[in-house]
Amino acid sequence: MTLPLQDTILIVDFGSQVTQLIARRVREAGVYSEIAPFTAAAEAFERLKPKGIILSGSPAGVPDEGSPRAPQALFDAGVPILGICYGQQVMSHQLGGEVRPGHETGEGGEFGRAFLTVTEPCALFDGLWEVGERHQVWMSHGDKVTQFAPGFKIVAVSDGAPFAVIADEDRKFYGTQFHPEVVHTPDGGKLIANFVRHVCGLAGDWTMAEFRQVKIAEIREQVGDGRVICGLSGGVDSAVAAVLIHEAIGDQLTCVFVDHGLMRLGEAEQVVSLFREHYGIKLVHVNAEDRFLGGLAGLTDPEKKRKFIGGEFIAVFEEEAAKIGGADFLAQGTLYPDVIESVSFTGGPSVTIKSHHNVGGLPERMNMKLVEPLRELFKDEVRVLGKELGLPDIFVGRHPFPGPGLAIRIPGEVTKERCDILRKADAIYLEEIRSAGLYDAIWQAFAVLLPVRTVGVMGDHRTYDSVCAVRAVTSTDGMTADIYPFDAAFLSRVATRIINEVKGINRVVYDYTSKPPGTIEWE
Ligand SMILES: Nc1ncnc2c1ncn2[C@@H]1O[C@H](COP(=O)(O)OP(=O)(O)OP(=O)(O)O)[C@@H](O)[C@H]1O
Ligand SMILES: O=c1[nH]c(=O)c2[nH+]cn([C@@H]3O[C@H](COP(=O)(O)O)[C@@H](O)[C@H]3O)c2[nH]1
Ligand SMILES: NC(=O)CC[C@H](N)C(=O)O
Ligand SMILES: [Mg+2]
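Throughout, a residue's number is its position along its own chain's written sequence, starting from 1. A letter from A marks each chain and a number from 1 marks each ligand, given out in the order of writing. Where totals are concerned, whole chains, interfaces and linings use all residues; where local detail is concerned, this predicted model gives features only for residues with pLDDT of at least 70, and gives and counts side-chain atom pairs only at 80 or more. Each side-chain value is derived from all of the structure's non-hydrogen atoms; neither hydrogens nor water enter the calculation.

**Comments concerning the sheet that holds strand E4 (residues 81–84)**
A sheet is described by the order of its strands in space; here nine strands give the open sequence E2-E1-E3-E4-E11-E10-E9-E6-E7, paired in mixed fashion. At either margin of the open sheet sits one strand with a lone partner, and together these are strand E2 (32–37) and strand E7 (134–141). Taking the axes of each pair of neighbouring strands and ignoring which way they run, one obtains an average angle of 25° across the sheet. Should DSSP find at least two bridges between two strands, the strands are taken to pair. The helix count covers DSSP runs of H or I at least four residues long, the strand count covers runs of E at least two residues long, and both are numbered beginning at the N terminus. For strand E6 (residues 110–118) and E7, the ladder comprises eight bridges, and the chain directions are antiparallel. For Gly112, the partnering residue across the bridge sits in E7 and is Met139. Whether two residues touch is decided by their heavy atoms; if any such pair falls within 4.5 Å, the residues are in contact. With axes taken as lines fitted to C-alpha atoms, and helix axes fitted only over the stretch in contact, angles between N-to-C directions fall between 0 and 180 degrees. Those strands touched by helix H4 (residues 86–94) are strand E3 (52–55), E4, E7, strand E10 (165–168) and strand E11 (173–176), and its axis lies near 115° from that of E4.

This is the structure we're talking about:
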């Protein structure tokens, strides 16, 4: 059960890829929302008593047999409704209009960027779009509404969709053929804000503080008096999840920090002291350097290294759970992009580029249920929640760091000696980035130690040492990335310091590869 909230929007999910983005835009407008699959929408409506309803898109087609419908009660409740794409189509169909499949109209669909023209004023457009203006939107549909339902009128048209936006101002029902929730509809967020605030009359004063309270109530409800273990890496996601869960269930939570010897300089101490001393969270610090480095000896293939590390993580978690008498739940800092990505990881049509470490194999092996309070959030929202929970900036703003740690930044064989060299170079690089005030402008920055030695001359002596590559990228979700354009003076300062201060490195290069074609990590 969630806390009763006065001002809620119900989002009815018909299976769109981007339903969570609708929720995100509603949150950005300062309004709380809950997503319910269409099959559970009637029950959610009763429970939440929402002030507005948004119907999502869908891979299904309204004319297809057995395709989803919204519960009729939603249309009879006197609550404003915004139907997006399939949502528009299904609303039109259920209220007496007509939707025809693309193959029947013979006009094909619209996929991607489109332009619409505003033909009539509409409450959705207030303060934003004027009659006669053209605006960019993002479309993704094959079917289209060919006859709107009684009471509606057309308020915007596009070349491929004469019903680009329809409105019934009396009932406050609106339908858009385009997707306002995606960033490629530049004014989309404002349109959604207009709907939830202006049309539904909500104040827009919802905050992460309330999200925190709702999640705490949910965690208590789910966990009861069970025991939870949480892998704590010091990364933002698991740190925020751990602090939130601890607030909910206190000592029923045990965190396990696996120090695999592949952490950055001083990182292990920092993580352990923050969580033990400042939060009083039960934390098991497993010093597993020997077993990880032992197992990595002789391994050079990137996937073999990753698989070994993933397996070893699971083994450590199993051992630690057994030591505390077993655990009923495994907590993870899974975010929404992880949820989407894992769809293609498991059985989807896409190829595996690399096996990202996660502890997903664990729950089945150990018969545990998952606690994932951040599942619907995006990274920047997790950072806001972290601040709300009082986590210090050094954790909240931290660049992502991969589970396999330095092992995937040392192409070839990983040894303690090479880890130590890399740790020093990486610390200098990040120190320079911080003192130049660039840390927050960069998504992720790190050094890589190459298995290549080159000749140099230092103090009239010949050197024959390793090459270090430095990398920095900007990104919003890690799925695509661009290089950070440092100025030359900055890079030469970094190169000079690393070569002068780190024994074992005599050459520094800058990685100028975007993603794609590169990946962010080197392995
Ligand atoms: N050294 C570690 N010890 C314990 N658990 C770990 C460790 N490294 C990773 N994990 C677990 O694997 C999960 C996935 O790691 P991931 O790097 O995606 O998230 P994160 O470390 O919490 O945040 P960030 O993405 O900011 O680094 C973590 O949430 C954590 O539960
Ligand atoms: O928890 C993680 N376990 C992993 O195995 C892993 N591999 C890559 N990454 C991080 O994911 C983002 C995208 O990385 P790539 O472009 O290298 O695939 C970047 O932020 C990477 O640092 C990982 N995170
Ligand atoms: N994105 C959507 O909601 C698409 C709806 C429907 N499948 C169509 O092609 O028109
Ligand atoms: Mg991490």
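**A closer look at the site of ligand 1**
Any residue with a heavy atom positioned within 4 Å of a molecule or strand is treated as near that molecule or strand. Ligand 1 sits among 17 residues. The nearest are Gly231, Ser233, Ser238, Val258 and Lys379. Any pair of N or O atoms that falls within 3.5 Å is considered a polar contact. Within protein, one atom must be able to donate a hydrogen and the other to accept it, and sequence-neighbouring residues count only if both atoms are side-chain atoms. One nitrogen or oxygen atom from the main chain of Val236 is found 3.3 Å from an oxygen atom belonging to ligand 1. A distance of 2.9 Å separates an oxygen atom of ligand 1 from a polar side-chain atom of Lys379. Notes on ligand 1: free accessible area 590 Å², of which the protein chains cover 89%. Within the residue set of the shell around ligand 1, elements represented by two or more residues are helix H8 (236–249), strand E13 (253–259) and helix H11 (302–323). Residue polarity follows a fixed list, in which Ala, Val, Leu, Ile, Met, Phe, Trp, Tyr, Cys and Pro are nonpolar, Asp, Glu, Lys and Arg are charged, and the others, Gly among them, are polar. Looking at the shell around ligand 1 residue by residue, the classes come out as nine nonpolar, six polar and two charged. Residue burial considers only the protein chains on display, and all accessible areas are found by Shrake-Rupley using a 1.4 Å probe.

**Observations concerning helix H1 (residues 19–28)**
An α-helical turn contains 3.6 residues, so any two residues separated by three or four positions project in the same direction. Residue burial is assigned from relative accessible area. The probe radius is 1.4 Å, only protein chains are included, and a residue is buried under 20% of its type maximum, exposed over 50%, and partly exposed in between. Of all ten residues making up H1, nine are buried, and the element is well covered by its neighbours. Looking only at H1, the buried set comprises Thr19, Gln20, Leu21, Ile22, Ala23, Arg24, Arg25, Val26 and Arg27. Looking one or two residues beyond H1, the residue adopting positive phi is Gly30, at roughly 80°.

**Topic: the state of the cysteines**
Here, the term disulfide refers to a pair of cysteine sulfur atoms separated by no more than 2.5 Å. In the structure shown here, the tally under the stated rule is zero disulfides. In this structure Cys200 is not part of a disulfide, and its nearest cysteine sulfur, from Cys122, lies 12 Å away. Among the residues examined, Cys200 registers a relative accessible area of 12% and is labelled buried.

**Considerations on helix H10 (residues 289–296)**
Of all the residues in H10, the buried ones are Glu289, Phe292, Leu293 and Leu296. On an axial view of H10, the arc spanned by its buried residues comes to 90°, and they lie on one face. Contacts from the buried residues of H10 go to E13, strand E14 (283–287), H11 and helix H16 (416–435). The first or second residue beyond H10 is Gly298, which carries a positive phi of 85°. Regarding the arc, it is the one traced by the directions from the helix axis to the C-beta atoms.

**Some words on the pattern of salt bridges**
For salt bridges, the criterion is a side-chain nitrogen of Lys or Arg within 4 Å of an Asp or Glu carboxyl oxygen. Scanning the entire structure with this criterion turns up 30 salt bridges. Glu28 is the partner of Arg24 in a salt bridge, and the nearest nitrogen-oxygen pair spans 2.8 Å. Note that Arg24 and Glu28 are positioned in helix H1 at a spacing of four residues, about one turn of the helix. Taking the relative accessible area as the measure of exposure, Arg24 reaches 12% and is therefore buried. For Glu28, a relative accessible area of 46% puts it in the partly exposed group. Put simply, Glu431 and Arg497 hold a salt bridge, and the shortest N to O gap is 3.0 Å. Of the two residues, Glu431 sits in helix H16 while Arg497 sits in helix H17 (residues 488–501), which places them 66 residues apart along the sequence. The exposure class of Glu431 is partly exposed, given its relative accessible area of 46%.

**Points about the packing of aromatic side chains**
By convention, a stacked pair of Phe, Tyr or Trp rings (six-membered ring in the case of Trp) has centres within 6.5 Å and planes under 30 degrees apart, an edge-to-face pair has planes over 60 apart, and any other such pair is tilted. Across all of its chains, the model carries 19 aromatic pairs by this definition. Aromatic pair Tyr510 and Tyr512: ring centres 5.7 Å apart, planes at 85°, arrangement edge-to-face. You can call Tyr510 buried: its relative accessible area is 18%. For Tyr512, a relative accessible area of 59% puts it in the exposed group.

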